Amino acid sequence: MPDYGHDLRFGSFVTPSAAAPHQVVALAELSEEVGLDLVTFQDHPYQAAFLDTWTLLSWVAARTERIRLAGNVLNLPLRPPAVLARSVASLDRLSGGRVELGLGAGGFWDPIVAMGGERLTPGESVDALSEGIDVIRGLWDTSTRERLVAGGAHHHVDGAKRGPAPAHDVEIWVGALKPRMLRLVGAKADGWLPSLPYLQSFEALARGNATIDAAAEDAGRDPRAVRRLLNVGGGFSADGGGGFLRGSPRQWAEQIAEVTLEHGVSTYVVMGDDPTTLAVVGQEVAPAARELVAAARGVPAPASAGPDGTTADGEVRA
Amino acid sequence: MTDYGHPLRFGTFVTPSAQDPEATVGLARLAEDLGYDLVTFQDHPYQPRFLDTWTLLSYVASATERIHVAPDVANVPMRPPAVLARAAASLDLLSGGRVDLALGAGAFWDAMVSMGVDRLAPGESVDALAEAIEVIRAIWGEDGESELFVPGRHHRLDGATPGPGTTRRIPVWLGALGPRMLRLVGEKADGWLPSLGRIGLDGLRAGNARIDAAATAAGRDPREITRLLNVSGTFGDADGANGLGGAPDLHGAPAAWVDRLLPLVLDEGVSTLVLATDDERTTRRFAEEVVPALREQVAHERAARGTDTSRVVPLAVRAARRDGIAYDEIPSSLAERAVEPGDAAYAGVRSNYLRGGSPGLVLRPRDTAEVVEALAFARAQAITRDVPLSVRSGGHGISGRSTNDGGVVIDLGALDTIEVLDDAARLVRVGPGARWGEVAAALSPRGWAITSGDYGGVGVGGLATAGGIGFLGRAHGLTIDHVRAVELVLADGSVVRASDDENPDLFWAVRGAGSQVGIVTSFDLVADEVAGVGFAQMVHDASDLAGFLERWGATVEAAPRDTTSFLLVGRPRPGQPVVAQSMTMVDSDDPDTVLARLQPFAAIAPLLAQATAQIVPYDAVVSAPQPGSHGGQGEPVSRSGLLEHLTPEAAARLAGLVLSGETYFFQIRSTGGAAEDVPADATAYAHRSARFSVVAMGASRSRLDARWDALADVFDGMYLSFDTDRRPETHAARLADAFPPATLDRLREIKRRVDPANVFRDNLPVLGPDPVDAEAAVR
């Protein structure tokens, strides 16, 4: 099912280096200034050279006003979901509704165990993620005052009070590659957030989407309920030799529009710490890609609002 | 009567209400504006009316600038301690040292179980907390181990890595009630944070006594443990509501509050008072009407009693101290930034770029006055007789060690300003702690550059007192040739200026042998006009290595002065061609000129990869370094030699060295050109006729020395910065290599005048490696 019709969004993926905390925060602030929609950080709590991702997100929230914030993706094995749920809801409230939950089942078990976590098999980690999602959504759901009983063998709550609710409907985006996880995404998540370098090909992306679509339908959900995000890497050059995201900003926009229309990816998270790249993505690539996609969809281009709220004028290309 | 003499601090305890998050944060901001030292929030992750405490603390710290933040107290059963430790270290780094970590064993077990936590009996929860503290301190690197193992039943580490390094030792406070917890405070914690309403005065007294006894039994000074206290109050009647539940501890007029609190400080050892209130007016009145009166009366009474208010150093830190340094006598101006082996910051300052160190003390002065104090302190330490004082600018010293084992290091990193003094004259003033990449970046917008070596991470102080053979050297000379004046701290602590007009002798010495005569705290340099440069890296097939070196040398000498080239020859690998990499800079932004200069280099030998050439600003080549500390280990082995021409014989002999495989880093820098315009006796760097500077580093000192010594006749001197030969039997030969006879004599004469005791003897010292009994010298 190509093109789920989602709005195009662009984000950054800043290395959370502990050696340069202020540079990291500055890149997050820059992401907002150049008009990106989202700033994200990876989460490897066993990595001593990194800042703690949740602390960093909370810090960045207080330094920004409009940009969305997400872990990419938060490490569930080392972050118990009940407290995580409340943390996300709290930051969403503090930030005026700007937090989304990028969540992962964890993959590097040796360092997780080194930090005092439990080793899970791949199958168990999928179950644990599924339980975690149930606990998190349950705690956020204050439409009922009934105490929450949710989860299973790995994560559970038994009579917990619900709330506080987040300030908006927080989306749960899951990083996933293998079939069981993909089916979980289709059944329970609000977004799929893989990394293109790990997927290795657009064919793999297409297969992943198909698996998610089928699982969503099996669960009685519209596949469009699952946003398709993608972590990508790239650089700018005059020509790029035709590689994906290796050429000019115009070429980037064209390639991105193509992937959106053909594969339904709507959020592109650009990995890397180069301020110039982020600026070009936010100020040139994003508006151009939006125009191309809007033209192809036959709808007006959305207003690309700059940091001061002005709208960019532009040609609509057929 | 107990007063531990701790500084008086005040905090607030604000309900972490989720209802109006902005108001909650607003109360924290208010506390900061009113001068409170600390804002705290309770931690009940099962309470949906509350915001998550850690999230809130991080947000509040980001929204404030000076106030400390702390949980009051963190719910350890619900927060895996390893992750909590990294989070606290991260918040410490982000906030500049403003997080304090108060922990609790957990109390509301039914609520916690409903959230999925396993129930623990009270005794087990204390054990778990003790394990958590061990995990946390290990993650913070307090053990000094690089792989962490804590075999706990409740919390464990199994090969985790410590880090990130914090700005200072984060205090661990415990909310504690029972005897086992109090004993844990005395044995392991840095503070006790109970609530007055729950323990009462008797409980406070008894608790302090238990803590003191446990501390003493563990070999700690009870003064190492801060006594904090949550109190509640209303300025109205005793029936007023308060933030801790139950009747308020304090009520009535501010004077009544002072009467009630004063004995808690003076007699019961409390030094940090945390007021539980969400009421803006109460927060304000406490700060404006209670705190000042308390401060005044406490100060008055302590003075009258002669209370010991000196800083207490934790046992863990004291245990790591080295002999021969009077740590408790560090001048107050330097004490806060001084780093000793037990400090969290030690790992980041102990080593330099190529060399591991274990100094006894690293002093980090911020200005010239503090450099003077640091030097005086260092000189007065017994250890400095045996371990020469080390001075560090950027930490890239090869011959200048900039670290040591057990001695004192003066780290000039904070003297890093770069300012333009005179735009027309292109005169800039730079501190020794700035790095050359930062200087290049600062000058680039004006179209200026100062030639400085090949790497932007190198510090100004070391290079600008030794020579400075850089990519613009043939065009513009050595770095020292751009120095017009310095501010210099001499061994006796006097601060002098040296230039052509003032102290010309010192000015002569400081350019080429600066490390021998004092500590330069400021350089005045003239920049050159450099709009853009051509820069090319080429990879050459140097299979005929001797021939290649000879031809490269000839190409360099034939090139106009606008062209400078450096050469790196890789260690030969069996079955592979010898590869040489050249880096050539042309002082021109005209593409035709640049190409014309580079062509001859491309023609020396077949190129193994496409040559890349660009026209860039100078600071794109000598660029600002990545932040982060040095992590050198061991000792570098490096030899240096200068020569005029790469003659066929010299080329053959040097090729032999490379082909022996004994050097993993072999570099030849072209020099000469404008550097030759300066007379040999104008500066302490006398090698003005040298056109090539060779450096070789190796893994084995003995094997490299054997080969290098055999090359002695190839060279005419050496660049002292790149040579680490410290054999006593070759000291005289190395001195002769670095300083021709007339230069050496003049330098020694100056040295005897300004540093008769040989304080500055870390870097090929002209008076020998030992301190000189100054009185005997005078006699």
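Residues numbered from 1 in each chain as written. Chains lettered and ligands numbered in written order. Predicted model: local features only at pLDDT ≥ 70, side-chain atom pairs only at ≥ 80, totals over all residues. Heavy atoms only, no water.

Draft legend 1. Looking closely at the overall build of chain A. For chain A, the count of helices and strands is ten helices and eleven strands. Whereas a compact globule of 318 residues would reach a radius of gyration of roughly 20 Å, chain A reaches 19 Å, a difference of no more than 12%. Along the longest, intermediate and shortest principal axes, the C-alpha atoms of chain A span 55 × 45 × 40 Å. Of all 318 residues assigned to chain A, the portion counted as buried reaches 57%. Within chain A, counting contacts between residues at least 6 apart in sequence, those at least 24 apart form 70% of the total. Just so you have it, chain A exposes about 12400 Å², and 50% of that area is on carbon and sulfur atoms. Each charge class in chain A was averaged separately, 28 positive and 39 negative side chains, and the resulting centres sit 6 Å apart. (Helix = DSSP H or I, 4+ residues; strand = E, 2+ residues; numbered from the N terminus. Rg over C-alpha atoms; globule rule 2.2 N^0.38 Å. Buried < 20%, exposed > 50% of the residue type's maximum accessible area, 1.4 Å probe, protein only. Contact = heavy atoms within 4.5 Å. Areas by Shrake-Rupley, 256 points an atom, 1.4 Å probe, with all protein chains shown as cover. Lys, Arg positive; Asp, Glu negative; His and termini not counted. Charge placed at Lys NZ, Arg CZ, Asp CG, Glu CD.)

Draft legend 2. Looking closely at the sheet that holds strand β20 (residues 495–499) of chain B. Residue and element names in this part refer to chain B. One open sheet holds the five strands; their spatial order is β16-β17-β21-β19-β20, and the pairing between them is antiparallel. Among the strands making up the open sheet, the edge pair consists of β16 (418–422) and β20. Strand-to-strand twist across the sheet, computed as the mean angle between neighbouring axes with direction ignored, equals 20°. Pairing of strand β19 (residues 483–489) with strand β21 (residues 519–526), which is carried by six bridges, proceeds in the antiparallel orientation. (Pairing = 2+ DSSP bridges. Axes fitted to C-alpha atoms, helices over the stretch in contact; angles between N-to-C directions.)

Draft legend 3. Highlighting a positive patch on the surface. On the surface, R145, R147 and K161 of chain A together with R49 of chain B cluster together into a patch of positive charge. By secondary structure assignment, the location of K161 of chain A is in the loop between β7 (156–160) and β8 (172–174). For K161 of chain A, a relative accessible area of 37% gives the class partly exposed. (Patch = residues over 30% accessible without salt bridge, like charges linked within 9 Å, V, L, I, M, F, W, Y side chains within 5 Å. Salt bridge = Lys/Arg side-chain N within 4 Å of Asp/Glu carboxyl O.)

Draft legend 4. Highlighting helix α9 (residues 280–305) of chain B. All names here are of chain B. For α9, built from 26 residues, the straight-helix expectation of 38 Å at 1.5 Å per residue is met to within 8% by its first-to-last C-alpha distance of 36 Å. The largest bend along α9 measures about 35° and falls at V290, with the proline P292 one to four residues further on. Where α9 is buried, its residues meet β1 (9–13), α1 (21–33), β10 (226–234), α8 (254–266) and β12 (272–276). Once α9 ends, the next one or two residues include G306, with phi positive near 70°. (Expected span 1.5 Å × (residues − 1). Bend = angle between axes of the 7 residues up to and from the residue.)

Draft legend 5. The arrangement of the side chain of S130 of chain A in detail. Residue and element names in this part refer to chain A. Tracing the backbone through its elements, the reader meets S130 in helix α5 (residues 122–140). Residue S130 is classed as buried on the basis of its relative accessible area, which comes to 17%. With sequence-adjacent residues up to four places away left out, S130 is seen in contact with L184 and K188.

Draft legend 6. A look at the packing of helix α9 (residues 249–263) of chain A against helix α10 (residues 275–297) of chain A. All names here are of chain A. Packing of α9 against α10 brings their axes to within 8 Å, and their N-to-C directions diverge by 45°. Relative to α10, the element α9 is oriented oblique. Read as a crossing pair, α9 and α10 show a hand that is right-handed. Taking contact as the criterion, the partners of P249, R250, W252, A253, E254, I256, A257, T260 and L261 in α9 are, on α10, T277, V280, V281, E284, V285, A288, A289, L292, V293, A296 and R297. Among the residues making up the contact of α9 with α10, the classes are represented as 14 nonpolar, two polar and four charged. (Parallel < 35°, antiparallel > 145°, perpendicular 65-115°, else oblique. Left-handed = near helix turned anticlockwise from the far one by under 90°. Nonpolar A, V, L, I, M, F, W, Y, C, P; charged D, E, K, R; others polar.)

Draft legend 7. Inspection of the pattern of salt bridges at higher detail. All names here are of chain B. Per the counting criterion, the structure on display carries 76 salt bridges over all chains. A salt bridge links D100 to R168; the nearest nitrogen and oxygen atoms lie 2.6 Å apart. Separated by 68 residues along the polypeptide, D100 in the loop between α3 (81–95) and β5 (101–104) and R168 in the loop between β7 (157–160) and β8 (172–174) bring together distant segments of the chain. Relative accessible area serves as the criterion here: at 21%, R168 is assigned to the partly exposed category. Among the salt bridges present, the one from R753 reaches E749, with a minimum N-O distance of 3.1 Å. Remark: E749 and R753 occur in helix α25 (residues 741–754); sequence separation between them is four residues, near one turn of the helix. On the basis of relative accessible area, R753 is assigned to the partly exposed category, the value being 47%. It is possible to trace a salt-bridge network through shared partners that takes in R639, D705, D709, D723, D725, R727, R734 and D737.

Draft legend 8. A look at the interface of chain A and chain B. Listed per partner, the contact involves 46 residues of chain A and 47 residues of chain B. With both sides pooled, the region where chain A packs onto chain B buries about 3600 Å², and carbon together with sulfur makes up 65% of that total. Among the residues chain A hides against chain B, the three largest losses belong to W59, L94 and M115 of chain A. Together they make up 19% of the total. The interface formed by chain A and chain B contains zero salt bridges. Where chain A meets chain B, there are 15 residue pairs in polar contact (both at pLDDT 80 or more). (Buried area = accessible area lost by both parts, 1.4 Å probe. Polar contact = N/O pair within 3.5 Å; in protein donor to acceptor, adjacent residues only side chain to side chain.)

Draft legend 9. The sheet that holds strand β28 (residues 665–670) of chain B, seen in detail. All names here are of chain B. Ordered by their spatial adjacency, seven strands build an open sheet running β26-β23-β25-β24-β28-β29-β27, and the pairing between neighbours is antiparallel. Both edges of this open sheet fall to β26 (612–616) and β27 (638–643), since each of them pairs with a single strand only. Direction aside, neighbouring strands of the sheet carry axes that sit 15° apart on average. Together, β23 (533–541), β24 (563–569), β25 (579–586), β28 and β29 (692–697) form the strand contacts of helix α19 (residues 545–558), whose direction differs from that of β24 by roughly 165°. Each of β23, β24, β25 and β26 is contacted by helix α20 (residues 591–602), which is oriented at about 20° to β23, the strand it contacts most.

Draft legend 10. Spotlight on the environment of D328 of chain B. Residue and element names in this part refer to chain B. Mapped onto the fold, D328 is located in the loop between α10 (315–318) and α11 (332–335). For the pair D328 and S310, spaced 18 residues apart in sequence, the C-alpha separation works out to 9.4 Å. In this structure, D328 is in contact with V313 and R321, ignoring residues within four places of it in sequence. A distance of 3.3 Å separates polar atoms of two side chains, one belonging to D328 and the other to R321.

Draft legend 11. Fine view of the pairing of β29 of chain B. Residues and elements named next belong to chain B. When you tally the buried positions in β29, you get six out of six residues, the bulk of the element. Relative to β29, β28 runs antiparallel, the two sharing six bridges. Its bridge partner lying in β29, I668 is registered against V694.

Draft legend 12. Representation of the confidence of the model for chain B. Residues of chain B with pLDDT of at least 70 account for 98%, and the chain-wide mean is 95. Here the predicted complex carries an ipTM of 0.95, next to a pTM of 0.82. (pLDDT = per-residue confidence, 0-100.)

Draft legend 13. Summary view of the pairing of β21 of chain B. Residue and element names in this part refer to chain B. Counting buried residues along β21, eight of its eight residues qualify, which places the element largely inside the surrounding structure. Judged from the four bridges that link them, strand β17 (residues 427–430) and β21 form a sheet pairing that is antiparallel. Across the sheet, residue V428 finds its bridge partner in β21, namely L525.

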